[in-house]
Protein chains: 2
Amino acid sequence: MENLQNEYLFPEIFMREFLHTQKYPHARVIRLGIGNTTEPIPDIITSAMAEESKGGLLTVNLAEESGRRNLNETHLTVNKGIMGVDQTYYANRDDMRASLFTMETESRSTQKHAHALSTVEGYRGYGAEQGHMALRMSIAQRFYKNMGIEGNEVFVSDGAQCDISRLQMLFGSNVTVAVQDPSFPAYIDSSVIAGRAGNFQEETGKYKNIVYLNCRPENNFFPDLSTASRADLIFFCSPNNPTGNAASWHQLKQLVEFAKANGSIIVYDSSYAAYISDGSPRSIYEIPGAREVAIEISSFSKFAGFTGVRLGWTVVPEELLYANGFPVIKDYNRIVCTCFNGASNIAQAGGLACLSAEGYQAITNVVDYYKENAKIIIDTFRALGLKVYGGKNAPYIWVHFPGLSSWDVFNQILEKTHIVTIPGKGFGPAGEGYIRVGAFGHRETILEASARLKNFFVTDNI
Amino acid sequence: MENLQNEYLFPEIFMREFLHTQKYPHARVIRLGIGNTTEPIPDIITSAMAEESKGGLLTVNLAEESGRRNLNETHLTVNKGIMGVDQTYYANRDDMRASLFTMETESRSTQKHAHALSTVEGYRGYGAEQGHMALRMSIAQRFYKNMGIEGNEVFVSDGAQCDISRLQMLFGSNVTVAVQDPSFPAYIDSSVIAGRAGNFQEETGKYKNIVYLNCRPENNFFPDLSTASRADLIFFCSPNNPTGNAASWHQLKQLVEFAKANGSIIVYDSSYAAYISDGSPRSIYEIPGAREVAIEISSFSKFAGFTGVRLGWTVVPEELLYANGFPVIKDYNRIVCTCFNGASNIAQAGGLACLSAEGYQAITNVVDYYKENAKIIIDTFRALGLKVYGGKNAPYIWVHFPGLSSWDVFNQILEKTHIVTIPGKGFGPAGEGYIRVGAFGHRETILEASARLKNFFVTDNI
């Protein structure tokens, strides 16, 4: 812990915003810093959650349905279990619940009237640690169609950030780590906490034992893998936070081949995949062979405005093996059962509603709204003559201020326009000279920010 | 991971139940195994959660209220922050939100009509990683009155089991661990995953580097600390899972003194405190000096039937310091910000409703219901001439079968009565010869279980 250089980036940004509001108590601060969603969650989804807590059978029926479909597979697996291969990640509480034997609870849940957590019929306690099977199967179906991912390979969680730490626990402290530079700070900070980062080196701004994969406009935001050092784990986020850049199919193919050649495991973060507009891959599993080398983490946060509701998932394919041939999925299942106890059943009901046809359309509209915001921000900075990246496949815009300190730019913009952004250096040494601007906000706020920025840069150039 | 001996206990029990239902598809299985709550959540609480997802301002008003009360403290602390002492665990997002400056969101949230996640006015994204300040303060007030615990020392989470792992991350792999024997298996299993347990020794059934504190009827379920080995961390659960025994004030005083003398940190698990009937301490902080040596983890799961909703908390007192004088709370705050992102806002709204006067009364009634169940189970086994422990201060009954293997007893009872229990050995070597019977169930189920047990033991004695 002592090795950590600073407070975690986002609370630090909050603190600076807070101090700013103390200095300027009447300023109307605009927050384009933390990637915090602002638009309402479509009613179809909140209704599903309210019904989970107040009444309604939406998810139970679905779970029963998929339970039936899944029954044969479950039986098979349990039989494998008897033969000495433990497969509890199949035969979990939900599979059992879904199997509709004459168990107490089950006989009740087949009653066809409204259920609720406040009724004897509708109450549900612990769910499966791995998530409701109906939701796991819906995620597999919605995001990984034709990629060979099954529901039992999807582990539902309370968010991607939490899953990063659970993966760190999985791999222990004797592994080496590579990250994109710049990247979401939790990859490095959780590696430091796990004790595998080595000392921080002031001169480079890097941790000694972490491999930094340079991702700048000069190299199309993709590292030169022919010269990159090997690492056991490669954290790779696409569309990238903070640069907003989505890796192409050919780039990801190189990455998969690099991992395969080096015996590395890719931890692929697709939390922003819903924002992709240009046909770039939305999942690492679009790349042939990725099932053998990659874990994928993802989230409902930016996709469905669930930042506060808390829901995400991690995919661990069965083909992913340790060097000794043992399947990683078995260990990850053990971590999930021991160190986690499932996502909130209410959040899961909301997640399932997001994946229905109507729910999916509704949240796609919200994503489109943020993408429109991003376009306004891009146009604003371009009009000011600045080089701008991202925003097309992600809700983040990466603005270049050549030769300037990113913390100075952050401070200047905050001081003069009361707009909170994030200094690029917070995401790694390669972020120096950049700021990240988020596209989350009500339209009128984004337009107001645009006007302030134009005014500031014209009258008071940085 | 390879060092782990078995699957995690509870999925293993599920698997056995599942196989049993395959063997006897028409049996009506009664589950007194996993401590899974069965009774509906009182409507006042589910309404609060439904309103968090559908509408309503219950928690926002409370948050604003307590925000106001907390405002001076927040300012003070931020000022300390400027003076070089980082205190971001105070000045979090909620404090800022509560401070009611003229920020965008805040100006909206003061509108006095209904808010909802589906409305522009009511939508909320990320909350504080540490939990809503109103909930943190309510927990401090409800459970730690006159014990000197403040809201900022309470970290809201998605459950005690998850917090155990976050604490394991906090302390790294070079610490030694002591546990009660028997105890909740997550303490040991998460220690094994963290790499600090050493090898498993078949002959003793113990991990080499873990200190097992013997807790049996013979020693009043409290270890002889005069002969106990020192450990850096002592996991201590009271009322204990599985024995159901609550430690007395004098026993806990010994424990605190032992920790103080040895420079140990106690991780005190009070998840079952709501079940205490006999005046035993409900918190370690009832013991003088505990603030300097103890962390307390606790949960809404068994207290409010939130097993599926997922809500818990951890208290880290400011006086708790590492050997070098650094406050543990700062590192724990960093873990929470980096490896966690806050409990679901909907679950938190439910938690706050549980702590209102009306909500608290309603859930106390549910706890009393389970305690009545426990009494029925105790009477059943006593009538059969067996020695029975626990059940008075906890929803678990610990039944002694002298000289028998606990897995054999488990299997026999399941085979002959279709009742699922848990074999004591699953909780550690000192659990051999016992089974744990849970008191969670509908009354008619418990009565049916009682009848089956009486019939079995009379006609077909074990």
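Under the annotation held in an unreviewed UniProt entry, chain A carries the name Putative LL-diaminopimelate aminotransferase and is attributed to Rosa chinensis. Its UniProt record gives chain A the following Cofactor (unreviewed entry) comment, quoted word for word: "pyridoxal 5'-phosphate". Regarding chain A, the UniProt comment filed under Sequence similarities (unreviewed entry) reads as follows: "Belongs to the class-I pyridoxal-phosphate-dependent aminotransferase family. LL-diaminopimelate aminotransferase subfamily."

Section: the interface of chain B and chain A
Reports of interface size often rely on the accessible area that becomes lost once the parts have come together. Counting residues at the interface gives 97 residues for chain B, matched by 96 residues for chain A. In total, about 8500 Å² of surface goes out of reach between chain B and chain A, with carbon and sulfur atoms giving 58% of it. Summed over the shared surface of chain B and chain A, the result is two salt bridges. At the boundary of chain B and chain A, one finds 22 residue pairs in polar contact (both at pLDDT 80 or more). Here the residues of the side of chain B that touches chain A sort into 40 nonpolar, 35 polar and 22 charged.

A closer look at the sheet that holds strand β3 (residues 177-181) of chain A
Residues and elements named next belong to chain A. Taken together, the seven strands give an open sheet; going across it, the order is β2-β10-β9-β8-β7-β3-β6, and neighbouring strands pair in mixed fashion. Of all strands in the sheet, those with a lone pairing partner are β2 (154-157) and β6 (210-214), marking the two edges. For this sheet the average axis-to-axis angle between neighbouring strands, irrespective of direction, equals 20°. Lying on the sheet, helix α6 (residues 133-143) is in contact with β2 and β10 (312-315); it crosses β2 at an angle near 115°.

With respect to the relation of the copies chain B and chain A
Screw-axis analysis of chain B against chain A gives a translation of 0.0 Å along the axis, an RMSD of 0.0 Å, and a rotation angle of 180°. Between the two chains, the operation in question is that of a two-fold axis. By C-alpha distance to the rotation axis, the residue of chain B lying nearest is Ala50 of chain B, at 2.0 Å. Mapped onto chain A, 99% of the interface residues of chain B are again interface residues, and the two copies thus contact each other with one and the same surface.

So, the side chain of Glu296 of chain A
Residues and elements named next belong to chain A. Its location among the elements puts Glu296 in strand β9 (residues 294-299). Buried and unpaired, Glu296 has Arg282 as its nearest opposite-charge partner, separated by 10 Å. Side chain to side chain, Glu296 and Tyr144 meet in a polar contact 2.8 Å long. Here Glu296 is in contact with Tyr144, Tyr268, Ser270, Arg282, Ser283, Ile284, Tyr285, Trp313, Thr314 and Val315, once residues within four sequence places are set aside.

Side note on the sheet that holds strand β11 (residues 387-390) of chain B
Strand pairing within a sheet occurs via backbone hydrogen bonds; the two strands may be parallel or antiparallel. Residue and element names in this part refer to chain B. If you trace the four strands from one edge of the open sheet to the other, you get β11-β12-β15-β14, paired in antiparallel fashion. The sheet is open, and its two edges are formed by β11 and β14 (422-423), each paired on a single side. Bridge count for β11 against strand β12 (residues 396-400) is four bridges, and the pairing is antiparallel. Within the sheet, the bridge partner assigned to Gly390 lies in β12 and is Ile397. Helix α14 (residues 406-417) rests against β14 and β15 (434-438) of the sheet, and its axis sits at about 45° to β15.

A closer look at the environment of Cys339 of chain B
Checked against the element boundaries, Cys339 of chain B lands in helix α11 (residues 328-339). Taking the C-alpha atoms as reference, Cys339 of chain B lies 7.9 Å from Arg166 of chain B; in sequence the two are 173 residues apart. Residues within four places of Cys339 of chain B in sequence aside, it is in contact with Gln161, Cys162, Ser165 and Ile193 of chain A together with Met169 of chain B.

With respect to the pattern of salt bridges
By the definition in use, this model includes 27 salt bridges over all chains. A salt bridge links Glu319 of chain A to Arg291 of chain A; its shortest N-O distance comes to 2.4 Å. Here Glu319 of chain A is found in the loop between β10 and α11 (328-339), whereas its partner Arg291 of chain A is found in the loop between β8 (265-269) and β9, with 28 residues between them in sequence. For Arg291 of chain A, a relative accessible area of 15% gives the class buried. Measuring nitrogen to oxygen at the nearest pair gives 3.4 Å for the salt bridge that ties Lys260 of chain B to Glu292 of chain B. With Lys260 of chain B in helix α9 (residues 249-262) and Glu292 of chain B in the loop between β8 (265-269) and β9 (294-299), this residue pair connects regions lying 32 residues apart in the sequence. The partly exposed category is assigned to Lys260 of chain B, whose relative accessible area is 39%.

Section: the environment of Ser344 of chain B
Note that Ser344 of chain B resides in the loop between α11 and α12 (345-354). Judged by its relative accessible area of 6%, Ser344 of chain B falls in the buried class. As a C-alpha pair, Ser344 of chain B and Arg310 of chain B span 34 residues in sequence and 8.2 Å in three-dimensional space. Discounting residues that sit within four places of it in the chain, Ser344 of chain B has contacts with Gly308, Val309, Arg310 and Ser344 of chain A.

Some thoughts on the packing of helix α7 (residues 160-171) of chain A against α11 of chain A
Residue and element names in this part refer to chain A. Running from N to C, α7 and α11 cross one another at 120°; their axes reach a closest spacing of 10 Å. Crossing handedness for the pair α7 and α11: right-handed. In this structure, α7 uses Asp163, Arg166, Leu167, Met169, Leu170 and Phe171 to contact α11, whose residues at the interface are Val328, Asp331, Tyr332, Ile335 and Cys339. Residue classes in the contact of α7 with α11 are distributed as eight nonpolar, no polar and three charged.

Concerning unusual backbone geometry
In this chain, Ser238 of chain A is followed by Pro239 of chain A through a cis amide linkage whose omega measures -5°. Notably, His418 of chain A is not glycine yet its phi reads approximately 60°, a positive angle. Structurally, the position occupied by His418 of chain A is in the loop between α14 (406-417) and β13 (419-420). Overall, the relative accessible area of 18% leaves His418 of chain A in the buried class. For Phe221 of chain B, which is not glycine, the phi dihedral falls at a positive 55°. Relative to the assigned elements, Phe221 of chain B resides in the loop between β6 (210-214) and β7 (233-237).

Looking at the packing of helix α7 (residues 160-171) of chain B against helix α8 (residues 186-193) of chain B
Residues and elements named next belong to chain B. Between α7 and α8, the least distance of the axes is 10 Å, while the angle of their chain directions is 35°. As α7 packs across α8, the resulting crossing turns out to be right-handed. Between α7 and α8, the residues in contact are Gln161, Ile164, Ser165 and Gln168 and Ala186, Tyr187, Ser190 and Ser191, respectively. Class assignment for the residues of the contact of α7 with α8 results in three nonpolar, five polar and no charged.

Things to note about helix α12 (residues 345-354) of chain A
Note on helix geometry: an α-helix contains 3.6 residues per turn, so any two residues three or four positions apart are oriented the same way. Among the 10 residues in α12 of chain A, 10 count as buried, and that is most of the element. Those residues of α12 of chain A not exposed but buried are Asn345, Ile346, Ala347, Gln348, Ala349, Gly350, Gly351, Leu352, Ala353 and Cys354 of chain A.

Topic: the packing of aromatic side chains
For any pair of aromatic rings, the description rests on two quantities: the centre-to-centre distance and the angle between the ring planes. Summed over all chains, the structure comprises 62 aromatic pairs over all chains. Taking the centre distance of 5.5 Å and the plane angle of 80° together, the rings of Tyr8 of chain A and Phe10 of chain A count as edge-to-face. Look at Phe10 of chain A and you get buried, because its relative accessible area is 8%. Three or more aromatic residues joined by ring pairs make a cluster, and in this case those are Tyr8, Phe10, Phe184, Tyr187, Phe221, Phe235, Tyr389, Trp398, Phe427 and Tyr434 of chain A. Here Arg142 of chain A stacks its cationic end above the ring of Tyr360 of chain A, 3.8 Å away from the centre of that ring. The ring of Tyr369 of chain B carries Arg443 of chain B above its face, with NZ or CZ at 4.4 Å from the centroid.

Here is what the cut-offs are and how they apply
- Sequence order as written defines residue numbering, which begins from 1 separately in each chain.
- By the order in which they are written, chains take letters starting at A while ligands take numbers starting at 1.
- Per-residue local features are limited, in this predicted model, to residues with pLDDT of at least 70; the limit for side-chain atom pairs, both in listing and counting, is 80 or more; totals at the level of whole chains, interfaces and linings are taken over all residues.
- By convention in this description, side-chain values take in all heavy atoms of the structure and omit both hydrogens and water.
- UniProt positions are given in the numbering used here, feature names are shortened, and annotations may be inferred rather than shown by experiment.
- Residue contacts follow a heavy-atom distance rule, with two residues in contact if any of their heavy atoms lie within 4.5 Å.
- Buried area adds together the accessible area that both of two parts lose upon being put together, with accessible area traced by a 1.4 Å probe.
- Basic side-chain nitrogens of Lys or Arg form a salt bridge, by our definition, when they fall within 4 Å of a carboxyl oxygen of Asp or Glu.
- Polar contacts, as used here, are pairs of N or O atoms within 3.5 Å; protein pairs need one atom able to donate a hydrogen and one able to accept it. Residues neighboring in sequence count only if both atoms are side-chain atoms.
- Ten residues, namely Ala, Val, Leu, Ile, Met, Phe, Trp, Tyr, Cys and Pro, are considered nonpolar, four, namely Asp, Glu, Lys and Arg, are considered charged, and the remaining ones, Gly among them, are considered polar.
- DSSP calls a pair of strands paired once it identifies at least 2 bridges connecting them.
- Put simply, DSSP marks the helices as runs of H or I at least four residues long and the strands as runs of E at least two long, and each gets a number from the N terminus on.
- With axes taken as lines fitted to C-alpha atoms, and helix axes fitted only over the stretch in contact, angles between N-to-C directions fall between 0 and 180 degrees.
- To superpose the copies, least squares is applied to the C-alpha atoms of every residue with a pLDDT of at least 70 in both.
- To sort residues, take the accessible area from a 1.4 Å probe on protein chains only and compare it with the maximum for the residue type: under 20% means buried, over 50% means exposed, and anything in between is partly exposed.
- Charge assignment in this entry is limited to Lys and Arg as positive and Asp and Glu as negative, and neither His nor the chain termini are counted.
- Here a crossing is taken to be left-handed if its near helix is turned anticlockwise relative to the far helix by less than a right angle, and right-handed if that turn runs clockwise.
- Between 30 and 60 degrees the pair is tilted, below 30 it is stacked and above 60 it is edge-to-face, where a pair is any two Phe, Tyr or Trp rings, Trp via its six-membered ring, whose centres lie within 6.5 Å.
- Any Lys NZ or Arg CZ found within 6 Å of a ring centre and within 35 degrees of that ring's normal is scored as a charge over the ring.

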